[in-house]
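Residue-level listing of the chains:
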Amino acid sequence: VQLQASGGGLVQAGGSLRLSCAASGRTFRTYVMGWFRQGPGKEREFVGAVRWNVGSTDYADSVKGRFTISRDNDKNTAYLQMNSLKPEDAAVYYCALKSGGYYYTSLRNLLYNYWGQGTQVTVSS
């Protein structure tokens, strides 16, 4: 599986960006697509994820109400819409894929199998 993240850039605080993650290669019957980020000097942290088959999502508390994950089945692409961006949202954002449904499990602590290369998000204050 190959994951290609894109859409990062420079935005002012309060602004919006939409990241994309296109998946190609091997397919799975069920899987989860997750978004993570790693800021300067920080550990990588969970941002949110979507159960691909059913579209249900899970978000980190720090982004709830501001970030939204969606998906396009035809394009095998997941999106992370980020609104009301804050300087602390600045990070390299990664998408990741975990095979399986995990319908009754939190998506935050899964061991994701596949990772994209990351896209930089910079938020100016």
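The structure contained in this document is the topic of the report that follows. Quick caveat: nothing in here was measured; it's all calculated off a predicted structure.

Observations regarding the overall build of the protein
Okay, so step 1: Tallying secondary structure elements over the protein gives zero helices and eleven strands in all.
Okay, so step 2: Element order for the protein, N to C, with α for helix and β for strand: β-β-β-β-β-β-β-β-β-β-β.
Okay, so step 3: Overall, the protein is about 45 × 25 × 25 Å in size when its C-alpha atoms are taken along their principal axes.
Okay, so step 4: In the protein, buried positions account for 46% of the 125 residues.
Okay, so step 5: Counting only contacts in the protein whose residues sit at least 6 apart along the sequence, the fraction spanning at least 24 positions is 58%.
Okay, so step 6: Looking at the protein as shown, the accessible area adds up to about 6400 Å², and 44% of this sits on carbon and sulfur atoms.
Okay, so step 7: Here the protein holds 14 positive side-chain charges and 8 negative ones, and the gap between their average locations is 5 Å.

Details of the side chain of T30
Okay, so step 1: Positionally, T30 belongs in the loop between strand 3 (17-24) and strand 4 (31-38).
Okay, so step 2: The class for T30 is buried, based on a relative accessible area of 14%.
Okay, so step 3: A polar contact is formed between the side chain of T30 and the backbone nitrogen of G101, at a distance of 3.3 Å.
Okay, so step 4: Sequence-distant contacts of T30, defined by excluding residues within four places in its chain, comprise N53, S99, G100, G101 and Y103.

Cut-offs and rules
- Residues numbered from 1 in each chain as written.
- Predicted model: local features only at pLDDT ≥ 70, side-chain atom pairs only at ≥ 80, totals over all residues.
- Heavy atoms only, no water.
- Helix = DSSP H or I, 4+ residues; strand = E, 2+ residues; numbered from the N terminus.
- Buried < 20%, exposed > 50% of the residue type's maximum accessible area, 1.4 Å probe, protein only.
- Contact = heavy atoms within 4.5 Å.
- Areas by Shrake-Rupley, 256 points an atom, 1.4 Å probe, with all protein chains shown as cover.
- Lys, Arg positive; Asp, Glu negative; His and termini not counted.
- Charge placed at Lys NZ, Arg CZ, Asp CG, Glu CD.
- Polar contact = N/O pair within 3.5 Å; in protein donor to acceptor, adjacent residues only side chain to side chain.

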